[in-house]
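A structural walkthrough
What follows is each chain in one-letter form.
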Amino acid sequence: TAYVGRGNYYQSQGDAMRALADYDRAIALNPKDPGGLLQRANFHLLSGDAEKALVDYNAAIALDPKNVSAFANRGEAYRVQGEDDRAIADFDAALKLDPKFVAAYDNRGLALLNKGETDRALADFDAAIKLNPNLVPPYTHRAIAYESKGAHDRALGDFAQAIKLDPNDATPYVNRGNIYLAQNDLDRALEDYGRAIMIDANDAEAYNNRGSVYAK
C-alpha cells in the first residue's frame, strides 16, 4: 500500500517515528494484508526489538504461510535472541520455500556456528557464496568458522576477499587483525586495527585489541 511504501521511504531516511506511524496506519486499514505486518516486523528487528518483531512475523505467517521472507526474518529474530533451534527451523522453512534464498543460508550458518556445528555452518556459508559470490557477510562468517577450526590460512583468504569486495567494512579488518595478533604478527595486526578504526572510530574491539598489541 501507499502507507507501506512511504514508511519504507521514511525508514530509509532514518525517520523512525514517521515510518512506524505509516506501518501502523497501513495495518489498521488492512489488517489482513501480511505486507504491512512484515514491514513493521522488519522495522522492529532493525531497531533491536526482536520481541515486537516476532509478534508481527507470527501474524504475517498466519496470514501467509508461504511467505519466505517472513520465515527467514523471523528466524533472524530468533537467532539474535539466542534461540538457535527455533531460528534454524525457520531458516529450514524459508529454504524449503526458496532454495536460493542467500540470507537464509548465511544466517542459518551463524545459528549452527553458535551451536558448535561448524561443519554444517561451513556448508551453509559455502552455499551462500556459491549463490552470490559478491556478498561480503558470508565470506566474513565463513572466515570466522575456519578460524574456529584453526584453519587460519583459509580464514585469512576469506577476510581478504571480504575486504576486496567492501574495503569500507571494519569487521573483516578487526577479525583478520585478531588472527595476526594470535600469530604474533604485530605489524600486520596494528595495520588492520588501524584501518578498522579509520572506518569506524567507535569500534571498541579494534581499540582494545590494538592496545593489546601496544602492550606487547
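The coordinates are above.
A brief structural summary. (Residues numbered from 1 in each chain as written. Predicted model: local features only at pLDDT ≥ 70, side-chain atom pairs only at ≥ 80, totals over all residues. Heavy atoms only, no water.)

**Observations concerning the side chain of Asn-178**
What counts is decided by this rule: Only runs of H or I of at least four residues qualify as helices and only runs of E of at least two qualify as strands under DSSP, and these elements are numbered from the N terminus. By definition in these notes, contact holds between two residues if any of their heavy atoms fall within 4.5 Å.
The topology assignment puts Asn-178 in helix H11 (residues 170-182). The contact partners of Asn-178, leaving out residues within four places of it in the chain, are Tyr-193, Glu-205 and Asn-209.

**Quick look at the environment of Ala-121**
With respect to the helices and strands, the residue Ala-121 is situated in helix H8 (residues 118-131). Separated by 90 residues in sequence, Ala-121 and Gly-211 place their C-alpha atoms 32 Å apart. Setting aside its immediate chain neighbours within four residues, Ala-121 contacts Gly-109, Leu-112 and Leu-113.

**What to know about H8**
Filter applied, for reference: What a helix should span is 1.5 Å times the count of its residues minus one. A simple rule labels every residue: compare its accessible area, found with a 1.4 Å probe on the protein chains alone, to the largest value its type can have, and call it buried under 20%, exposed over 50%, or partly exposed in between. Each C-beta atom gives one direction from the helix axis, and the arc is the one those directions make.
Its 14 residues place the ends of H8 20 Å apart at the C-alpha level, agreeing with the 20 Å of an ideal helix rising 1.5 Å per residue. Every buried residue of H8 is listed here: Thr-118, Ala-121, Leu-122, Asp-124, Phe-125, Ala-128 and Ile-129. The buried side chains of H8 occupy one side of the element, clustering within an arc of 160 degrees when seen end-on. Facing away from the buried side of H8, by more than 90 degrees, are the exposed residues Asp-119 and Lys-130.

**A word on the packing of aromatic side chains**
Rules: Aromatic pairs are defined between Phe, Tyr and Trp rings, using the six-membered ring for Trp, whenever the two ring centres lie within 6.5 Å; interplanar angles under 30 degrees are classed as stacked, those over 60 as edge-to-face, and all others as tilted.
Considering all chains together, one arrives at two aromatic pairs under this definition. With a centroid separation of 6.0 Å and an interplanar angle of 50 degrees, the aromatic rings of Tyr-9 and Tyr-10 are classed as tilted. Judged by its relative accessible area of 16%, Tyr-10 falls in the buried class. Ring centres of Tyr-23 and Phe-43 lie 6.2 Å apart, and the angle between their planes is 65 degrees; on these two criteria the pair is classed as edge-to-face. You can see Tyr-23 sitting in helix H2 (residues 16-29) and its partner Phe-43 sitting in helix H3 (residues 34-46), a full 20 residues away along the chain. For the pair Tyr-23 and Phe-43, one class covers both residues: buried.

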